[in-house]
Protein chains: 2
Amino acid sequence: MDFSSFITSLVTSFLIFLVLIIIFSWLSRKPGNRVVYYPNRILRGVDDGGAGSRNPFAWVSEALGSTERDVIEASGIDTAVYFVFLSTVLGILALSGIALLPVLLPVAATDDNIKTANSTNINGTFTDFDKLSMGNIVEKSSRLWAFLIATYWVSIVTYYLLWKAYKHVSALRENALMSPEVRPEQFAILVRDIPLPTDGQTRKEQVDSYFKAIYPDSFYRSLIVTDNKEVNKIWEELEGYRKKLVRAETIYAESNKTGNAGGRKPTHKTGFLGLIGEKVDSIEFYNEKINELLPKLEAERKVTLKDKQQPSAIVFFTNRVAAAAASQSLHAPLVDTWTVGCAPEPRQLIWTNLPIKFFERQVRQYIIYILVALTIVFYMIPIGFISAFTTLANLKKILPFMKTVINQPEVRTVLGAYLPQIALIVFLAMLPKLLLFLSKTEGIPSQSHIERAAAGKYFYFTVLNVFIGVTVGGTLFQTFKQIEKKPSSIVTLLATSLPGNATFFLTYVALKFFVGYGLELSRIVPLIIFHLKKKYLCKTEAEVKDAWFPGDLGYATRVPGDMLIVTIVLCYSVIAPMIIPFGVVYFGLGWLILRNQALKVYVPAYESYGRMWPHMHTRILAALILYQVTMLGYFGVKKFFYAPFLIPAVILSFIFGYVCSKKFYRFFSSASLEVASHELKETPQLERIFLSYIPPSLSSETEEYEDALSQVSRTGSLA
Amino acid sequence: MDFSSFITSLVTSFLIFLVLIIIFSWLSRKPGNRVVYYPNRILRGVDDGGAGSRNPFAWVSEALGSTERDVIEASGIDTAVYFVFLSTVLGILALSGIALLPVLLPVAATDDNIKTANSTNINGTFTDFDKLSMGNIVEKSSRLWAFLIATYWVSIVTYYLLWKAYKHVSALRENALMSPEVRPEQFAILVRDIPLPTDGQTRKEQVDSYFKAIYPDSFYRSLIVTDNKEVNKIWEELEGYRKKLVRAETIYAESNKTGNAGGRKPTHKTGFLGLIGEKVDSIEFYNEKINELLPKLEAERKVTLKDKQQPSAIVFFTNRVAAAAASQSLHAPLVDTWTVGCAPEPRQLIWTNLPIKFFERQVRQYIIYILVALTIVFYMIPIGFISAFTTLANLKKILPFMKTVINQPEVRTVLGAYLPQIALIVFLAMLPKLLLFLSKTEGIPSQSHIERAAAGKYFYFTVLNVFIGVTVGGTLFQTFKQIEKKPSSIVTLLATSLPGNATFFLTYVALKFFVGYGLELSRIVPLIIFHLKKKYLCKTEAEVKDAWFPGDLGYATRVPGDMLIVTIVLCYSVIAPMIIPFGVVYFGLGWLILRNQALKVYVPAYESYGRMWPHMHTRILAALILYQVTMLGYFGVKKFFYAPFLIPAVILSFIFGYVCSKKFYRFFSSASLEVASHELKETPQLERIFLSYIPPSLSSETEEYEDALSQVSRTGSLA
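Novice: For the overall build of chain A, give the residues involved together with the corresponding values.
Specialist: Looking only at helices and strands, one finds 29 helices and six strands in chain A. By the burial criterion, 52% of the 719 residues in chain A qualify as buried. Within chain A, contacts between residues separated by at least 24 positions form 82% of all contacts whose residues are at least 6 apart in sequence. Total accessible area on chain A stands at roughly 32200 Å², and carbon and sulfur atoms take up 63% of it.

Novice: Tell me about the interface of chain A and chain B, and name the residues and values.
Specialist: Each partner contributes to the interface: chain A provides 37 residues, whereas chain B provides 37 residues. Both sides together, the interface formed by chain A and chain B hides about 3100 Å², and carbon and sulfur atoms give 62% of it. Of all residues in chain A, L330, P333 and K663 of chain A give up the largest surface area on contact with chain B, accounting jointly for 21% of the area buried on that side. At the boundary of chain A with chain B, the tally comes to two salt bridges. One can count 22 residue pairs in polar contact (both at pLDDT 80 or more) joining chain A with chain B. If you list the elements that add at least two residues to the side of chain A that touches chain B, you get α7 (144-177), α8 (203-214), α11 (320-328), α12 (358-389), α26 (647-669) and α27 (673-676) of chain A. Looking at the side of chain A that touches chain B, the element that brings in the most residues is α26 of chain A, giving eight residues. By residue class, the composition of the side of chain A that touches chain B is 23 nonpolar, eight polar and six charged.

Novice: How would you summarise the relation of the copies chain A and chain B if you had to cite specific residues and measurements?
Specialist: The operation relating the two chain copies consists of a rotation about an axis and a shift along that axis. Expressed as a screw operation, the relation of chain A to chain B combines 0.0 Å of axial shift with a rotation of 180 degrees, fitting to an RMSD of 0.1 Å. Viewed as a symmetry operation, the transformation between the two copies matches a two-fold axis.

Novice: Hey, could you go over α8 of chain A for me, with residue numbers and the actual values?
Specialist: Side chains three or four residues apart in an α-helix point the same way, a direct result of the helix having 3.6 residues per turn. With twelve residues, α8 of chain A extends 17 Å between its outermost C-alpha atoms, agreeing within 8% with the 16 Å of an ideal straight helix rising 1.5 Å per residue. Those residues of α8 of chain A that fall on the buried side of the exposure criterion are R203, K204, Q206, V207, D208, Y210, F211 and I214 of chain A.

Novice: Requested: an account of the pattern of salt bridges, with residues and values cited.
Specialist: Across all of its chains, the model carries 30 salt bridges over all chains by this definition. With a shortest N-O distance of 3.2 Å, R247 of chain A and E543 of chain A are connected by a salt bridge. Of this pair, R247 of chain A sits in helix α9 (residues 229-258) while E543 of chain A sits in helix α22 (residues 541-548); the two residues are 296 residues apart in sequence, bridging distant segments of the chain. Overall, the relative accessible area of 25% leaves R247 of chain A in the partly exposed class. For E62 of chain B, the salt bridge identified is with R41 of chain B, shortest N-O distance 3.4 Å.

Novice: Explain the sheet that holds strand β1 (residues 188-192) of chain B to me, using residue names and the numbers behind them.
Specialist: Residue and element names in this part refer to chain B. Strand order across the open sheet formed by four strands is β2-β5-β1-β6, with antiparallel pairing between neighbours. Sheet topology places β2 (219-226) and β6 (339-342) at the edges, where each strand pairs with a single neighbour. Strand-to-strand twist across the sheet, computed as the mean angle between neighbouring axes with direction ignored, equals 25 degrees. Direction of pairing for β2 relative to strand β5 (residues 309-317): antiparallel, over a ladder of six bridges. Looking at β5, one finds that F219 is bridged to F317.

Novice: Break down the packing of helix α20 (residues 502-522) of chain A against helix α24 (residues 579-600) of chain A for me, with residues and values.
Specialist: Residues and elements named next belong to chain A. For the pair α20 and α24, interaxial distance at closest approach is 10 Å and the crossing angle is 15 degrees. Judged by the angle between their axes, α20 and α24 are roughly parallel. Every pair of crossing elements has a handedness; the one defined by α20 and α24 is left-handed. Residues F505, L506, V509, A510, K512, F513, Y517, E520 and L521 of α20 form the contact with α24, whose own contacting residues are I579, F582, V585, Y586, L589, G590, I593, L594, N596 and Q597. For the contact of α20 with α24, a count of residues per class yields 14 nonpolar, three polar and two charged.

Novice: I'd love a proper account of unusual backbone geometry, names of residues and values included.
Specialist: One non-glycine residue with positive phi stands out, namely D193 of chain A, at about 55 degrees. With respect to the helices and strands, the residue D193 of chain A is situated in the loop between β1 (188-192) and α8. Although it is not a glycine, K140 of chain B sits at a positive phi angle of roughly 65 degrees. Counting through the fold element by element, K140 of chain B comes out in the loop between α6 (113-117) and α7 (144-177). K140 of chain B gets classed as exposed once you look at its relative accessible area, which sits at 60%.

Novice: Explain the confidence of the model for chain A residue by residue, including any values.
Specialist: Residues and elements named next belong to chain A. Mean pLDDT over chain A stands at 82; residues scoring 70 or higher make up 82%. Contacts for the low-pLDDT stretch residues 117-126, under 50 throughout, to residues beyond four places or in other chains number eight contacts. A low-confidence stretch, residues 702-719 (pLDDT under 50), is modelled with 23 contacts involving residues beyond four sequence positions or located in other chains.

Novice: Give me helix α16 (residues 432-441) of chain B: which residues, what numbers.
Specialist: All names here are of chain B. By the burial criterion, the buried members of α16 are P432, L435, L438 and S439. Projection of α16 onto a plane perpendicular to its axis shows the buried side chains occupying an angular sector of 125 degrees, all on one side. For α16, exposure combined with an orientation more than 90 degrees from the buried face picks out K433 and F437. In the segment just after α16, G443 is the residue with positive phi, at about 100 degrees.

Novice: Residues and numbers for the side chain of R192 of chain A, please.
Specialist: Residue and element names in this part refer to chain A. Structurally, R192 is set in strand β1. For the buried residue R192, which engages in no salt bridge, the nearest side chain bearing the opposite charge is D193, 5.7 Å off. A polar side-chain atom of R192 sits 2.7 Å from the main-chain carbonyl oxygen of N353. Polar side-chain contacts of R192 include one of 3.2 Å to the backbone oxygen of L354. For R192, the residues in contact, after removing those within four places along its chain, are P311, S312, W338, T339, N353, L354, I356, R361, G443 and P445.

Novice: Just give me the short version of the packing of aromatic side chains, but keep the residues and values in it.
Specialist: All names here are of chain A. The final tally for this structure, using the stated rule, is 81 aromatic pairs over all chains. Each ring, one from Y82 and one from Y555, has its centre 6.1 Å from the other, and the planes form 75 degrees; the classification is edge-to-face. A residue pair is termed long-range when its members are at least 10 positions apart, and Y82 in helix α5 (residues 68-109) and Y555 in helix α23 (residues 555-572) qualify at 473 residues. Relative accessible area serves as the criterion here: at 0%, Y82 is assigned to the buried category.

Novice: Explain the pairing of β5 of chain B residue by residue, including any values.
Specialist: When a strand is regular, its side chains alternate between the sheet's two faces. Residue and element names in this part refer to chain B. Burial analysis of β5 places eight of its nine residues in the buried class, which makes it a mostly covered element. Across four bridges, the pairing between β1 and β5 is antiparallel. Bridging across to β5, A188 finds its partner in F316.

Rules used in this analysis
- All residue numbers refer to positions counted from 1 along the written sequence of the respective chain.
- Here chains are named by letter from A upward and ligands by number from 1 upward, in the order in which they appear as written.
- Only residues with pLDDT of 70 or above have their local features reported here, since the model is predicted, and side-chain atom pairs are shown and tallied only from 80 upward, although totals for entire chains, interfaces and linings are computed over all residues.
- Hydrogens and water molecules were not included; the side-chain quantities draw on all heavy atoms of the structure.
- Numbering of helices and strands runs from the N terminus; a helix is a DSSP stretch of H or I covering at least four residues, while a strand is a stretch of E covering at least two.
- Relative accessibility decides the category of a residue: with a 1.4 Å probe and only protein chains considered, values under 20% of the type maximum give buried, values over 50% give exposed, and everything between is partly exposed.
- Throughout, a contact is declared for two residues whenever any of their heavy atoms are within 4.5 Å.
- Only the protein chains shown count as cover for residues, and the accessible areas themselves come from Shrake-Rupley with a 1.4 Å probe.
- In short, buried area is how much 1.4 Å probe accessible area vanishes from two parts on joining, totalled over both.
- When a carboxyl oxygen of Asp or Glu is within 4 Å of a side-chain nitrogen of Lys or Arg, the pair counts as a salt bridge.
- Here a polar contact is recorded for every N or O atom pair within 3.5 Å, except that within protein the pair must consist of a potential hydrogen donor and a potential acceptor, and residues adjacent in sequence are included only if both atoms are side-chain atoms.
- Just so you know the grouping, Ala, Val, Leu, Ile, Met, Phe, Trp, Tyr, Cys and Pro go in nonpolar, Asp, Glu, Lys and Arg go in charged, and all remaining residues, Gly too, go in polar.
- The copies are overlaid by a least-squares fit using only the C-alpha atoms of residues whose pLDDT is at least 70 in both copies.
- A helix's residues, less one, multiplied by 1.5 Å, set its expected span.
- Two strands are said to pair when DSSP picks up at least two bridges between them.
- Angles shown run from 0 to 180 degrees and are taken between the N-to-C directions of axes, each axis being a line fitted to C-alpha atoms and, for helices, limited to the stretch in contact.
- Orientation labels follow simple angle bins: below 35 degrees gives roughly parallel, above 145 gives roughly antiparallel, 65 to 115 gives roughly perpendicular, and whatever is left gives oblique.
- A crossing counts as left-handed when the near helix is turned anticlockwise from the far one by less than a right angle, and as right-handed when that turn is clockwise.
- The pLDDT value tells you how sure the predictor is about a given residue, anywhere from 0 up to 100.
- For this quantity, the arc is that covered by the directions from the helix axis to the C-beta atoms.
- We score Asp and Glu as negative and Lys and Arg as positive, and we do not count His or the chain ends.
- Put simply, two rings from Phe, Tyr or Trp (the six-membered ring, in Trp's case) pair if the centres are within 6.5 Å, and we call them stacked under 30 degrees between planes, edge-to-face over 60, tilted for the rest.

The following block contains the structure:
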């Protein structure tokens with residue numbers, strides 16, 4: 001990519017961004033779009049209907065003026081932690097930039113390695129830009145000292161801000177967990193791997209007697225996990241008919257209003273997709289179906305509660321300390337029986353994963369790890385091809401008929417600027433679903449944990465494939481034999497390839513923040529989908545709400561995406577300091593726009609009280625270590641005699657990581673008793689806590705049925 | 001070493017053993033020696049004074065007839081677990097031997113590699129013995145299949161017996177911990193890293209209020225750890241004078257009886273070693289000193305209790321479940337404050353280690369690891385020299401004046417047989433104290449843990465230095481450059497060196513069991529020391545008791561010693577199956593003789609309820625893996641095409657280890673609540689439990705003083 005491509009790319013990106021911002025300012029003020037731009041506020045009941053938002057840039061000052069407490073109120077701790085992450089990275093990059101740019105750019109620009117060494121370089125396509133990078137420093141030059149010290153500066157800034165952030169997040173979590181609000185998950189523990197009950201004992205009895213013996217005072221009751229597949233199916237069917245019934249009734253009511261007297265009763269065909277079969281009166285038909293299914297559901301419920309009990313349970317305690325202590329203690333001497341853990345929130349519990357056995361979970365985990373490793377390796381091949389194909393020169397060779405199109409200078413410039421990056425982004429968009437599915441298959445009991453696990457896999461994926469893959473990609477296959485001979489040469493290889501790819505990544509980052517955040521803020525896609533749905537599909541209130549319901553921030557893909565940027569910017573920070581401002585803009589703009597989205601748009605799907613943080617922390621640190629090792633290699637390539645002076649930095653990073661994880665980590669995986677012992681606002685309604693864990697398909701609708709639920713346990717104990 | 005040396009060594013060892021057995025039979029029946037041969041029984045008050053022991057071999061049938069329950073009663077769970085270890089290894093070797101000896105010996109003996117390959121071998125000193133080993137198999141021979149299958153057989157036998165043993169030990173621990181006896185350590189937890197108290201709060205108050213808030217119902221009271229250095233010094237001085245006073249009084253009483261009326265009052269000089277200085281009346285002098293020290297001790301006690309409180313405490317609970325749960329739960333959100341753990345028994349608590357801070361402990365640990373690694377490396381050098389020097393040929397060269405002595409055939413044979421082994425044993429005897437000291441410096445809070453840690457270090461030491469060092473030793477320096485070039489060649493090197501060293505290790509094992517166990521059973525050294533002390537030094541009852549007090553089994557050195565034998569025998573089991581019977585005799589004889597010692601002699605210094613087992617388990621498994629890897633290398637040396645068939649065995653060993661540690665290990669580091677919830681025989685006397693943790697130097701002797709101890713806390717809370 002040459003310099004003009006880069007500028008074109010930057011300018012077009014910026015223009016797209018401007019257009020999107022204008023669209024946002026215009027559309028977000030229309031009352032009909034409030035559900036798309038303010039759903040979080042509407043759902044919280046704090047929407048003022050757009051009273052004070054005259055200024056089209058009011059959102060900026062609102063976002064800047066919002067406090068952490070606002071974010072927590074609007075979107076919970078997890079979102080607040082995400083902003084800690086954004087501002088930490090922003091801080092790292094800003095502080096690095098302040099020191100590095102004024103020092104390193106002049107040092108690099110006044111040297112002249114590129115002219116002399118140009119012909120020997122692998123890529124051979126240096127631009128004006130590259131003169132500002134470390135590539136322009138002559139080998140063995142004492143100017144390299146500046147770069148070495150800069151590497152230390154970046155590392156120290158990172159340690160300092162990460163340490164502060166970890167403390168801050170720890171305090172956030174602490175405050176949230178000691179809050180006087182009653183939260184069901186703080187009164188419950190998750191019990192798995194319950195052994196077979198002895199003869200004549202039901203599971204319920206077994207669990208109750210086991211925990212009653214250990215906690216005579218603080219045990220409240222237990223909820224045995226059941227196999228809800230059947231009952232869920234019936235319930236979903238029933239709910240489907242109910243929705244359809246409401247829809248048919250709405251249509252009928254509307255036709256009553258608008259059409260001739262008596263209206264036209266809605267009808268539909270019962271066959272395939274409503275296209276064939278008998279034509280029936282919809283309202284009658286659905287009512288019939290519902291009446292048919294209700295007793296079936298009731299019966300299945302009873303069968304499920306009685307006969308489909310699984311070797312897993314949720315156990316409730318009368319106070320938070322007892323539950324917190326119980327969730328961390330070994331219960332049975334054999335560690336693979338009666339395993340306990342913190343109970344996740346009711347809404348994020350994955351019921352189907354609960355009965356999976358201890359060692360099966362382990363085996364699944366390792367199999368998934370192997371699968372992910374394979375995925376990473378095999379995705380590398382197409383990505384390697386992409387980075388090879390998507391240079392224009394190659395494209396011309398492969399697709400000669402494109403030549404005439406490509407040879408037009410404008411087309412060539414635009415394509416040259418975007419093609420590789422777009423290909424990369426599209427390619428990466430296909431992955432998250434797979435990783436979420438794989439993580440769920442591991443047997444993880446909660447949604448937030450699944451997303452964390454998927455985010456981890458995605459991070460390794462992006463760093464290994466995108467960053468290292470793209471960087472080394474072009475030269476990898478040529479030098480494969482060399483690596484085979486000497487595995488440590490991968491660092492050298494990475495180091496040599498880095499400078500040549502600086503502009504690629506600059507464009508990538510710019511594309512991501514201008515276009516990505518422009519789309520994010522303007523919400524064009526959800527807006528269009530919403531209006532289409534509203535116009536052609538939605539009839540009832542509930543359907544309209546479904547159409548605009550915003551979902552959550554999507555940590556599973558958002559965080560690794562940001563992480564990739566962190567890794568890229570960190571690794572280039574000293575080699576090509578010009579990347580730092582781009583990184584600063586990415587995280588600055590991201591902070592601003594997502595602040596707006598967090599306050600007004602997204603609705604969190606779960607709350608894990610910041611358990612994402614240790615992962616973010618570790619990965620920023622991993623990026624730092626990768627950066628340090630790469631720099632070590634690059635100083636080696638530059639034949640700098642004092643390159644080993646960087647080794648202490650790598651060791652320091654490991655020590656820092658070790659100390660942080662020792663000091664802070666356990667609080668993110670276990671509940672602290674000190675925190676749990678804080679007083680509650682009110683005496684907890686234990687029955688309500690218990691009921692909150694019963695899935696909708698099993699929960700009672702009538703008072704009588706509530707009895708039956710307990711009844712099953714009681715009759716069970718007589719069987 | 002040639003074959004005749006080996007036979008000589010074996011015969012002399014056996015003769016020594018016979019002599020020792022006869023000495024034992026003779027001496028142990030003398031009533032005056034009962035305190036040496038039956039101290040455990042005497043201390044437990046079940047000694048019958050030798051009523052039924054007419055038969056000199058009664059001890060054999062007694063040992064064989066004793067049950068595990070007898071061992072637990074006499075010496076506790078730790079000793080019982082040691083016997084599980086001995087019998088497991090015995091079982092592994094016996095089962096291996098039964099299958100391997102009848103199959104492999106004929107297979108090896110009928111081949112004839114040695115004749116053909118003799119000249120090319122490194123050692124070049126093959127004996128008749130070596131014909132029975134795998135060294136006699138021709139390269140690429142299909143006879144090697146038998147050895148491959150044998151390797152699998154040994155592995156499978158090991159897995160099976162280890163699994164059974166782990167289950168058994170787990171049950172032993174479970175039974176011991178759920179016993180209805182009140183054990184102080186089950187009601188207490190150890191709290192370390194207490195943060196600085198807020199202004200106007202004493203430590204005592206701080207700890208009490210902290211735990212009262214978390215455990216309003218189950219917290220009993222706390223005991224703040226104090227810096228007892230000063231008070232211990234005074235107390236020891238006082239105790240010393242008390243002992244001397246008793247001694248002086250005894251001497252005086254005796255002189256009254258035997259001598260002229262009125263007796264002669266004992267006197268001594270107050271100066272250096274009692275040799276110079278003023279001559280004083282001992283009884284008066286000691287009384288004076290005691291009266292002088294008593295108020296000083298009292299004052300120092302008060303100061304210690306009030307002003308020398310450390311950031312560590314022992315916290316007592318009213319029931320076992322509460323203590324067990326508390327010991328495993330995270331208390332403060334910052335993991336390096338208020339760290340908790342199981343309380344060790346009062347008698348094995350290392351008070352001086354308790355106040356060491358969290359990260360200081362980590363740093364100390366890593367420093368110690370590095371020191372131990374250095375020790376291992378630097379001990380390797382002298383051991384290498386030993387194995388080079390202690391061949392007779394070398395000795396003659398180095399010490400030419402010895403030539404005449406060495407040239408006498410009897411001397412030469414005996415020296416040739418023993419010299420290397422004795423040098424090795426002496427060398428190894430110097431190490432344990434150092435390792436115990438290093439382990440203590442890590443900041444470990446209990447004696448049993450220190451011994452486990454030292455045993456671990458000792459194990460690595462012996463395996464790396466003795467086994468690998470001696471085996472590879474001779475050839476190591478010559479081939480050092482080769483290893484540098486290709487590190488994996490160490491396995492090949494080990495594999496090639498093994499057959500040549502088989503007889504060395506055979507002799508080593510035989511020496512250890514005949515002479516080692518002979519000395520163990522006959523207790524010649526303790527007996528002589530006891531009689532000397534009794535005759536010339538001891539005057540009072542207490543002094544006599546001190547003289548015969550037997551101490552414990554000494555796991556810290558005994559277990560690694562056995563482990564070395566396990567490693568040696570396992571590694572040679574297929575290469576030179578003749579070693580198996582020696583291993584069987586070692587562990588069989590060991591079981592028998594130590595059973596006798598455990599039932600009648602040794603008194604355990606602590607009880608850790610079998611926490612040694614997971615270490616033993618892991619190390620047997622490590623020996624197995626070393627064996628499998630060595631075999632893999634040796635099959636490679638034999639150019640056996642199917643050698644990679646052994647790789648699954650190595651993987652299987654790792655999986656087995658993983659599953660075992662996942663399934664069983666946590667119960668050995670944490671208390672199981674299910675176990676702790678079993679009912680007690682009686683309501684625990686909480687005050688007595690509390691008092692049992694007060695060290696003798698701080699514990700009160702008068703009722704009043706007992707008040708003062710609480711007083712300090714109470715007045716403290718007013719300060």
